[in-house]
2 protein chains.
Amino acid sequence: MLRRISRCLASAPCYVNPRAVEAEYAVRGLIPARADEIKADLAADRGTYPFKSLVYCNIGNPQSLGQMPLTFPRQVMALVDAPFLLEDEAIVARLPADAVARARGYLAEIGTGTGAYTESYGYRFARAAVAAHINERDHGACPAATVEDICLTDGASSGVKLFLQLLVGGARDAVMIPIPQYPLYTAQIALLGGTKAPYYLREAEGWGMRAADLQAAYERCVAESGATPRVLVVINPGNPTGNVLERGVMEDVVRFCHAHGLLLLADEVYQENVYDARRAFVSFREVVLGMGAPYSAETMLVSLHSTSKGVIGECGRRGGYFCMTNVPGALREQVVKLCSINLCANVNGQVMTALMCSPPREGDASHAAYRREYDGIFASMKERAALLARELATVRGFSCQAVEGAMYAFPQITLPARYGARNEELNAKEGRRLALDARWALELLESSGVVVVPGSGFGQEPGTLHFRTTILPPLAQMERMVRAIREFQDRVYEQYA
Amino acid sequence: MLRRISRCLASAPCYVNPRAVEAEYAVRGLIPARADEIKADLAADRGTYPFKSLVYCNIGNPQSLGQMPLTFPRQVMALVDAPFLLEDEAIVARLPADAVARARGYLAEIGTGTGAYTESYGYRFARAAVAAHINERDHGACPAATVEDICLTDGASSGVKLFLQLLVGGARDAVMIPIPQYPLYTAQIALLGGTKAPYYLREAEGWGMRAADLQAAYERCVAESGATPRVLVVINPGNPTGNVLERGVMEDVVRFCHAHGLLLLADEVYQENVYDARRAFVSFREVVLGMGAPYSAETMLVSLHSTSKGVIGECGRRGGYFCMTNVPGALREQVVKLCSINLCANVNGQVMTALMCSPPREGDASHAAYRREYDGIFASMKERAALLARELATVRGFSCQAVEGAMYAFPQITLPARYGARNEELNAKEGRRLALDARWALELLESSGVVVVPGSGFGQEPGTLHFRTTILPPLAQMERMVRAIREFQDRVYEQYA
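What counts, and where the lines are drawn
Residues numbered from 1 in each chain as written. Chains lettered and ligands numbered in written order. Predicted model: local features only at pLDDT ≥ 70, side-chain atom pairs only at ≥ 80, totals over all residues. Heavy atoms only, no water. Helix = DSSP H or I, 4+ residues; strand = E, 2+ residues; numbered from the N terminus. Rg over C-alpha atoms; globule rule 2.2 N^0.38 Å. Buried < 20%, exposed > 50% of the residue type's maximum accessible area, 1.4 Å probe, protein only. Contact = heavy atoms within 4.5 Å. Areas by Shrake-Rupley, 256 points an atom, 1.4 Å probe, with all protein chains shown as cover. Lys, Arg positive; Asp, Glu negative; His and termini not counted. Charge placed at Lys NZ, Arg CZ, Asp CG, Glu CD. Least-squares fit on C-alpha atoms with pLDDT ≥ 70 in both. Expected span 1.5 Å × (residues − 1). Phe/Tyr/Trp six-rings, centres within 6.5 Å; stacked < 30°, edge-to-face > 60°. Lys NZ or Arg CZ within 6 Å of the ring centre and 35° of its normal. Buried area = accessible area lost by both parts, 1.4 Å probe. Salt bridge = Lys/Arg side-chain N within 4 Å of Asp/Glu carboxyl O. UniProt positions renumbered as here; feature names shortened; annotations may be inferred. Core = buried A, V, L, I, M, F, W, Y, C linked by side-chain atoms within 4.5 Å. Axes fitted to C-alpha atoms, helices over the stretch in contact; angles between N-to-C directions. Parallel < 35°, antiparallel > 145°, perpendicular 65-115°, else oblique. Left-handed = near helix turned anticlockwise from the far one by under 90°. Nonpolar A, V, L, I, M, F, W, Y, C, P; charged D, E, K, R; others polar. 1 Å grid on protein atoms, 1.4 Å probe; cavity = no way out; pocket = protein on both sides within 12 Å on 5 of 7 lines; lining within 4 Å. Points joined across faces, edges and corners; volume = space filled by probe spheres on them. Pairing = 2+ DSSP bridges. pLDDT = per-residue confidence, 0-100. Arc of directions from axis to C-beta.

### Concerning the overall build of chain A
Here's step 1: Along its length, chain A carries 19 helices and 14 strands.
Here's step 2: What you see for chain A is a C-alpha radius of gyration of 24 Å, in line with the 23 Å of a compact globule of 497 residues.
Here's step 3: Each of the three principal axes of chain A carries a C-alpha extent, and together these read 65 × 60 × 60 Å.
Here's step 4: Split into buried and exposed, the 497 residues of chain A put 63% on the buried side.
Here's step 5: Restricting the contact set of chain A to residue pairs at least 6 apart, pairs at least 24 apart contribute 73%.
Here's step 6: Carbon and sulfur atoms make up 53% of the accessible area of chain A, which amounts to about 18,100 Å² in all.
Here's step 7: Here chain A holds 51 positive side-chain charges and 53 negative ones, and the gap between their average locations is 5 Å.

Structure below.
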């Protein structure tokens, strides 16, 4: 009886904010959800699948695929969480001197209570480490970033949410986003009831940006929706596109933002992930400050970074920061207030962020080991990025831009017309509206155990089809993945061409 | 020149979402901000203040006031973050066997990558620990909570935000909140553009609730705003009121929610903080499930808890969870989706939440030490709660309800009429609209260094004045605080009565 009521309840209609219903997040959407079902089936020896395990290529989560954490940050973090370990000579003797000294230094800054809420913006010492790192990275760009410009966040996502919340009050406020984009942006815009003003990246030009496209997107938005763009989002290196922007284009972007009074939200979480020797990461902060007046003193810029990506790959820490450049006082006041409502970013992520920004230096006890670990991970990522792009480009019906940076390839796929027609028939029969690339990704999963995200989850030029795969599976898994995709695509062509 | 431009920019007008401007959070608002300025002055030997240090009573942040963390959770947390310590016999030998075993157990569950994103709802082993704890706490209330009902969050705040976001899409959706309330609620409602439907707690009845007041508040909301209430928030034990609800009243609340199809959002973060021997914490989950049909199977309940309060006091970890009871499938689908957009709660907070819910048991190596630490902190909180309420009740013009639970006293203050008139004159002169109790709290701060939060930041019956102080300062500081308040209030009466 009780079970019957519960069952009724499970399907009971109930009110949900329509903006929440509208929000979508494909990275953990339909395909990964089906993958988790299959994983549970495999673990319980249920069902019949033509494979024994899954290859997760849907999410940039390196440590879930066997990437080892860097040792030094973990040593310091453990000591900061358990300061009493530092009082035990026997334990201290087993740890590198610089890890011990670093932990003691952080603890002296924190004072009593490593479990207390911090200041709303985060530990001052950690923000100082971030500011110093930024100033070094940006070759002394002037004026220098200070602790007042830095706020520590739970991953980069919470910085994104904070600024969109501050600048989007409803449909009258628009956000310019790249297409394809990381779906956090469209999801947040939907939750806020804001307007999307998409600008398309040029696939044929290595997913490059053009200022003229920005202008056209701006005008289209104003003409079609009447909304005012408030923010321009740029993801560099690109997610899901894997491209790295050049300084000239970045300067065009800054001029565009300046001309329209837009806040430039620079998602730079992949700043350490540049593999192509012909490319280098340049921060938007360095570009803005290097352009001289009026841009250097007036273009509003918020730069985001995270401990989740790069080489450190500490996704679960939810560490990160944003850095504000030319953000006016009236907006900063609101930033402080929203941060104070959120209380503070988690302390473990704050410590990890400080460590990411101040690794062991030459002469430190841990320096050699740290470099060895870091360089090993980076070299392996670089190798996989090149291999993946090269291999995928040779699959029937695929074209794949170079993976210059970030953690993803985003190949374009063409499919036989009959495969498309069949999807429509299946959708009619199943009573759903699966996008063609979602059908493709679902059937790839069911037949091979490879988990990718359909391009429709990121947005793409109408009429084109893509998927995103990470470069993160270890080499052996990656080879299996490429083989599976190749065989699946060959079968699709044999059956439907 | 550059500095001049920057100065212009600092005061430049810029667009901000008016909903964000409207949101307020007094716990870290005007008074604490002024306190931070004073603190900086004192550190730099600037200014002249009639005190040498501040007493922070504005925020429930125990470890910032010298409360020591419990050792066992910190040991396990450090080992989980730095698993390589477990491979070193010399280190393992220095740690209690149950901490080592617990860390090994958690690591076996986590598998590779303690730095990876977890499932959207959090580690399964941690959710299992939470579910087991809830089922024990609720005396086996049926049906038992399962891992599917539990989601780990960054503190309780992120659970609050998630459900308000799901149920409030604009002014047509209302949230019933107690007055006084914890200002996270009003801030989030403002950010979402929702409607507040306040119900007043009865101060003269020990801040009790009455079902008739709920009904009146509901009807007033519908009649005045046309909005539909979607959620009822109850904070038990109360913040800022320090009261503990009795089962009979809780049953009335459940009947009310059931009758109106409201989701009951039970903020139970102070569930371990009950000091009054005549009171006991009963969870809303136990009440709902104990009421029988139709309530036990139909009343939608979301219960929130946190690692920040209780005795553990690990605020900076941002650990917590929510437990869903009778939440329909359509809503659960959206919960999963929003959690997946947020990726996951921070892993350190997840581990801390598991540890809070499964402390060492009798027979474990750490059991005696853990109990000693726990009982010591609890006894001291209990002593301070009683002392504070007793002392404040004897201050001129004060009345103070018993602090039955939570971490706060919320005394009512009456002030001479001329003090009120003077505030209006000062406001006119200063060009601001400081509430009378904010003026009082500001002048208390400036004259004594004691930081409290004015009642207007929490809401109060029109015409009444209050302030909130925590019970957390160590005894010596608390005595100074009470003395300072008494002397200040005496001066106010001497000068303006």
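### Topic: the relation of the copies chain B and chain A
Here's step 1: If you rotate chain B by 180° and push it 0.0 Å along the axis, it lands on chain A with an RMSD of 0.0 Å. Such a turn and shift between the copies fits a two-fold axis. Among all residues of chain B, the minimum C-alpha distance to the rotation axis is found for Ala78(B), at 2.1 Å.
Here's step 2: When you check the interface residues of chain B against chain A, 100% turn up at the interface there too, and the contact is symmetric in its surfaces.

### Structural notes on helix α7 (residues 124–137) of chain A
All names here are of chain A.
Here's step 1: For α7, which comprises 14 residues, the first-to-last C-alpha distance of 20 Å matches the rise-based estimate of 20 Å (1.5 Å per residue) to within 8%.
Here's step 2: Phe125, Ala126, Arg127, Ala129, Val130, Ala131, Ile134, Asn135 and Arg137 are the residues of α7 that are buried.
Here's step 3: Those residues of α7 that are buried lie in contact with α6 (97–110), β2 (150–153), α12 (284–290), β8 (320–325) and α15 (347–357).
Here's step 4: The first or second residue beyond α7 is His139, which carries a positive phi of 55°.

### Concerning the packing of aromatic side chains
Here's step 1: Applying the stated criterion across every chain yields a total of 34 aromatic pairs over all chains.
Here's step 2: A centroid spacing of 6.1 Å and a plane angle of 85° characterise the contact between Tyr218(B) and Phe256(B), whose relative ring orientation is edge-to-face. Here the residue Tyr218(B) occupies a position in helix α10 (residues 211–225), and Phe256(B) occupies one in helix α11 (residues 247–260), the gap between them amounting to 38 residues.
Here's step 3: Judged by relative accessible area, Tyr218(B) falls into the buried class, the value being 14%.
Here's step 4: Residue class for Phe256(B) comes out buried when judged on its relative accessible area of 6%.
Here's step 5: Through successive ring pairs, a cluster of aromatic residues spans Phe398(A), Trp440(A), Phe467(A) and Phe488(A).
Here's step 6: Directly above the aromatic system of Tyr15(B) lies the positively charged group of Arg230(A), at a separation of 3.4 Å from the ring centroid.

### Quick notes on the interface of chain B and chain A
Here's step 1: On the side of chain A, 92 residues touch chain B, which itself brings 92 residues to the contact.
Here's step 2: Carbon and sulfur atoms make up 59% of the surface buried where chain B meets chain A, a total of about 7,300 Å² over both sides.
Here's step 3: Ranking the residues of chain B by area buried against chain A places Tyr15(B), Arg28(B) and Tyr117(B) at the top, with a combined share of 11%.
Here's step 4: Remark: the boundary between chain B and chain A carries 4 salt bridges.
Here's step 5: Residues Asp88(B) and Arg94(A) are paired through a salt bridge, measuring 2.8 Å at the closest nitrogen-oxygen approach.

### With respect to the UniProt feature "domain: Aminotransferase class I/classII large" (unreviewed entry) in chain A
Here's step 1: Under the UniProt annotation, "domain: Aminotransferase class I/classII large" (unreviewed entry) lies at residues 101–485 of chain A.
Here's step 2: Annotation note: span residues 101–485 of chain A, helix share 45%, strand share 15%, distance between end C-alpha atoms 50 Å.

### A few points about the nonpolar core
Nonpolar side chains tend to gather and get buried jointly when the protein is soluble and globular.
Here's step 1: Among the nonpolar cores identified, the biggest contains 352 residues, and Trp440(A), Leu232(B) and Trp440(B) are the most heavily contacted of them.
Here's step 2: Ranked by residue count, the leading element in this core is helix α16 (residues 367–392) of chain B, at 10 residues.
Here's step 3: With residues near it in sequence (within four places) discarded, Trp440(B) still touches Phe398(B), Ile413(B), Leu415(B), Tyr419(B), Val452(B), Phe467(B), Ile485(B), Phe488(B) and Gln489(B).

### A closer look at the packing of helix α4 (residues 71–81) of chain A against α15(A)
All names here are of chain A.
Here's step 1: Close contact between α4 and α15 brings their axes to 10 Å; oriented N to C, the two are set at 140°. One way to sum up the angle between α4 and α15 is to call them oblique. Pair α4 / α15 crosses with right-handed handedness. Counting all contacts with α4, which are made through Phe72, Pro73, Arg74, Val76, Met77, Val80 and Asp81, the residues of α15 involved are Asn348, Val351, Met352 and Leu355.
Here's step 2: The residue makeup of the contact of α4 with α15, split by class, is 8 nonpolar, 1 polar and 2 charged.

### Quick notes on empty space enclosed by the protein
Here's step 1: Throughout the structure, instances matching the rule amount to 12 cavities of 30 Å³ or more.
Here's step 2: When its volume is computed, the largest cavity comes out at roughly 890 Å³.
Here's step 3: Ser158(A), Lys161(A), Ser158(B), Lys161(B) and Asn342(B) are the residues nearest the centre of the largest cavity, which is lined by 44 residues in total.
Here's step 4: Listed by contribution, the elements that provide at least two residues to the lining of the largest cavity are β2, α8 (157–167), α9 (184–192) and α14 (329–341) of chain A together with β2 (150–153), α8 (157–167), α9 (184–192) and α14 (329–341) of chain B.
Here's step 5: The residue inventory of the lining of the largest cavity, partitioned by class, reads 23 nonpolar, 15 polar and 6 charged.

### Overview of the sheet that holds β2(B)
All names here are of chain B.
Here's step 1: Spatially, the 7 strands line up as an open sheet ordered β2-β8-β7-β6-β5-β3-β4, and their pairing is mixed. Each of the sheet's edge strands pairs with one partner strand only, and the pair in question is β2 and β4 (195–200). The sheet shows a mean angle of 25° between the axes of neighbouring strands, taken without regard to direction.
Here's step 2: The pairing of strand β5 (residues 228–235) with strand β6 (residues 263–267) spans 5 bridges and is parallel. Bridge pairing in β6 links Ile235 to Asp267.
Here's step 3: Sitting on the sheet, α11 touches β3 (173–179), β5 and β6, and the angle it makes with β5 is about 165°.

### Considering the confidence of the model for chain A
Residues and elements named next belong to chain A.
Here's step 1: Summing up the model confidence of chain A, the mean pLDDT is 94 and the portion of residues at 70 or higher is 97%.
Here's step 2: In the model, residues 1–8 has pLDDT below 50 throughout and makes 4 contacts with residues more than four positions away in sequence or in other chains.
Here's step 3: What the predictor reports for the complex is a pTM of 0.95 with an ipTM of 0.94.

### Thoughts on the sheet that holds strand β10 (residues 408–409) of chain B
Residues and elements named next belong to chain B.
Here's step 1: Pairing is antiparallel across the open sheet formed by 3 strands, whose spatial order is β10-β14-β13. With one partner strand each, in any of the chains shown, β10 and β13 (453–454) form the two edges of the open sheet.
Here's step 2: In the sheet, β10 pairs with strand β14 (residues 467–470) via 2 bridges, with the strands oriented antiparallel. Paired with Tyr408 across the two strands is Thr470, which belongs to β14.
Here's step 3: Along the sheet, α16 contacts β10 and β14; its crossing angle with β14, the most-contacted strand, is approximately 145°.

### Observations concerning helix α10 (residues 211–225) of chain A
Residue and element names in this part refer to chain A.
Here's step 1: In this model α10 runs 21 Å from its N-terminal to its C-terminal C-alpha over 15 residues, within 8% of the 21 Å that 1.5 Å per residue would give.
Here's step 2: Among all positions of α10, only Asp213, Leu214, Ala217, Tyr218 and Cys221 are buried. The arc that holds every buried residue of α10, seen down its axis, measures 140°, which confines them to one face. Exposed and oriented more than 90 degrees from the buried face of α10 are Ala212 and Ala223.
Here's step 3: Residue Gly226 follows α10 closely and has a positive phi angle near 75°.

### Structural notes on the packing of helix α7 (residues 124–137) of chain B against helix α15 (residues 347–357) of chain B
Residues and elements named next belong to chain B.
Here's step 1: At a minimum axis distance of 8 Å, the contact between α7 and α15 shows a crossing angle of 30°. Between α7 and α15, the angle falls in the class roughly parallel. Our pair here, α7 against α15, has a crossing hand that is left-handed. Of the residues in α15, those in contact with Phe125, Ala126, Ala129, Val130 and His133 of α7 are Gln350, Thr353, Ala354 and Cys357.
Here's step 2: Of the residues that constitute the contact of α7 with α15, the class distribution is 6 nonpolar, 3 polar and no charged.

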